[in-house]
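# Topology and contacts: notes
Listed below are the residues making up each chain.
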Amino acid sequence: MKKTTVFLFLLSSIFLVGYFALTTYSEKIYQNTLLSSPKKMVEAPINKETVSDSIAQSFPKPNFPNDSLLINHLLGKFDYSKDSFFTSVATEHCSKPMYLQKETYKKFKEMYAAAKKDGVSLKIISGTRNFNEQKSIWERKWNTNIKTMDSLKAAKTILLYSSMPTTSRHHWGTDMDINSLENSYFASGQGLKEYTWLKKNAAKFGFCQVYTDKKNSDRTGYEMEKWHWSYIPISSHYLKKYEELITYKQVKGFQASELAPKLKSIEDYVNGIDKSCH
Ligand SMILES: [Zn+2]
């Protein structure tokens, strides 16, 4: 009888100590997770130096158009539906009919599939826009703003998020807007999951967020756009060519185009991209 009592006492002690140790340990793990995971999600860490070295160099050099066609691409003055460098985007990848450069689209599809495996859905909501499409966006905003603002303020207000025709990366077929046009969408929930995935993985496919937070960089121009991603193996070449081939003489043909030099549309906006995307 005594032996049984001692045995039972020992058994329940072991059980109690074990239970206490286990709950304390799990609580610690739980607290650590709570403390560390939101930080990771918000920071979406990315090594700028590594990305800038790897993006342009770790991809085979695509075929580029000759300079006369390239000038038309840079200024958006061409018909992308008839251009041999461009292709239409399948409906599963976009929210409306659109075109991209073939190479850009090929890599996007790879990224799309990888994201899908991780439970992340990527839909392109804007792809290539030509000069006339950008002109109608610009002039619609201009005509609204100019009713209540002086001309410089009216233009600067548009330039927070929209480009002058002839200066938009959306002309190039390398850039796209993904999932939403609101930074707030990417700040929590599904949007944060998508943005965190892109920050971690897009560079593997050649994509880079060109309009990052200006507070953390010496970048000029447009405000942060968490939705705008660029295919760097082509767009870095296009940007170099823009500097070489385009001057303010070609930034014309739309309302308020004469303000472009004063607003430094080329220096501050065309060139105002994150360092890691060059
Ligand atoms: Zn965009």
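Being a predicted model, the structure only gives us computed values, none of them experimental. (Residues numbered from 1 in each chain as written. Predicted model: local features only at pLDDT ≥ 70, side-chain atom pairs only at ≥ 80, totals over all residues. Heavy atoms only, no water.)

### Observations concerning the state of the cysteines
Our working definition: Cysteine sulfur atoms that come within 2.5 Å of each other are treated as a disulfide pair. Counting from the N terminus, the helices are DSSP H or I runs at least four residues long and the strands are E runs at least two residues long. Throughout this description, buried means an accessible area under 20% of the type-specific maximum (1.4 Å probe, protein chains only), exposed means over 50%, and partly exposed covers the range between.
Summed over all chains, the structure comprises one disulfide. With a sulfur-sulfur separation of 2.0 Å, Cys208 is cross-linked through a disulfide to Cys277. Disulfide Cys208 to Cys277: torsion about the S-S bond roughly -70 degrees, handedness left-handed. One end of the pair, Cys208, is in strand 5 (residues 207–209); the other, Cys277, is in the segment after helix 10 (265–270), and 69 residues separate them in sequence. A relative accessible area of 5% places Cys208 in the buried class.

### Points about the nonpolar core
Among soluble globular proteins, nonpolar side chains are generally buried collectively. Inclusion rule: Among the buried residues, those of types Ala, Val, Leu, Ile, Met, Phe, Trp, Tyr and Cys that are joined through side-chain atoms within 4.5 Å form a nonpolar core.
Of all hydrophobic cores here, the largest spans 61 residues; its most connected members are Phe108, Met111, Leu122 and Phe207. Looking at this core, the element that brings in the most residues is helix 8 (residues 232–245), giving six residues.

### Some points on the packing of aromatic side chains
To keep things clear, this is the line we draw: Each Phe, Tyr or Trp ring, with Trp reduced to its six-membered ring, pairs with another whose centre is within 6.5 Å; inter-plane angles below 30 degrees give stacked pairs, above 60 give edge-to-face pairs, and intermediate values give tilted ones. The criterion is that NZ of a Lys, or CZ of an Arg, lies within 6 Å of the ring centre and within 35 degrees of the ring normal, and then a charge sits over that ring.
Counted under the stated rule, the structure contains 16 aromatic pairs. When the ring of Trp172 is compared with that of Tyr242, the centres are 6.5 Å apart and the planes differ by 40 degrees; the resulting orientation is tilted. One end of the pair, Trp172, is in the loop between helix 6 (151–158) and strand 4 (175–178); the other, Tyr242, is in helix 8, with 70 residues separating them in the sequence. The buried category is assigned to Trp172, whose relative accessible area is 0%. Ring pairing ties together the aromatic residues Phe78, Tyr80, Phe86 and Tyr99, which thus form one cluster. Lying over the aromatic face of Phe131, Lys77 brings its terminal NZ or CZ to 4.6 Å of the ring centre.

### Quick notes on the coordination of the zinc ion
The cut-off we apply is this: Shown as donors are all N, O and S atoms within 2.8 Å of a metal ion, widened to 3.2 Å for Na, K and Ca; because water is not in the atom set, sites may appear incomplete.
Coordination of the zinc ion by the protein is provided by His170 (NE2), Asp177 (OD) and His228 (ND1), with metal-donor distances spanning 2.0 to 2.1 Å. Positions of the donor residues of the zinc ion along the chain correspond to the pattern H-x6-D-x50-H. When its relative accessible area of 3% is taken as the criterion, His170 is described as buried.

### A look at the packing of helix 5 (residues 131–145) against helix 6
Spelled out, the test is: The convention used is that axes are lines fitted to C-alpha atoms, helices contributing only their stretch in contact, and that angles between N-to-C directions extend from 0 to 180 degrees. For classification purposes, an angle smaller than 35 degrees is called roughly parallel, one larger than 145 roughly antiparallel, one from 65 to 115 roughly perpendicular, and anything else oblique. A crossing counts as left-handed when the near helix is turned anticlockwise from the far one by less than a right angle, and as right-handed when that turn is clockwise. Working rule for contacts: check all heavy atoms of both residues, and any pair within 4.5 Å makes them a contact.
The geometry of helix 5 relative to helix 6 is characterised by a closest axis approach of 9 Å and an angle of 135 degrees between their N-to-C directions. Between helix 5 and helix 6, the interaxial angle falls into the category oblique. Classified by chirality, the crossing of helix 6 by helix 5 is right-handed. In this structure, helix 5 uses Trp138, Lys141, Trp142 and Asn145 to contact helix 6, whose residues at the interface are Ser151, Ala154, Ala155, Thr157 and Ile158.

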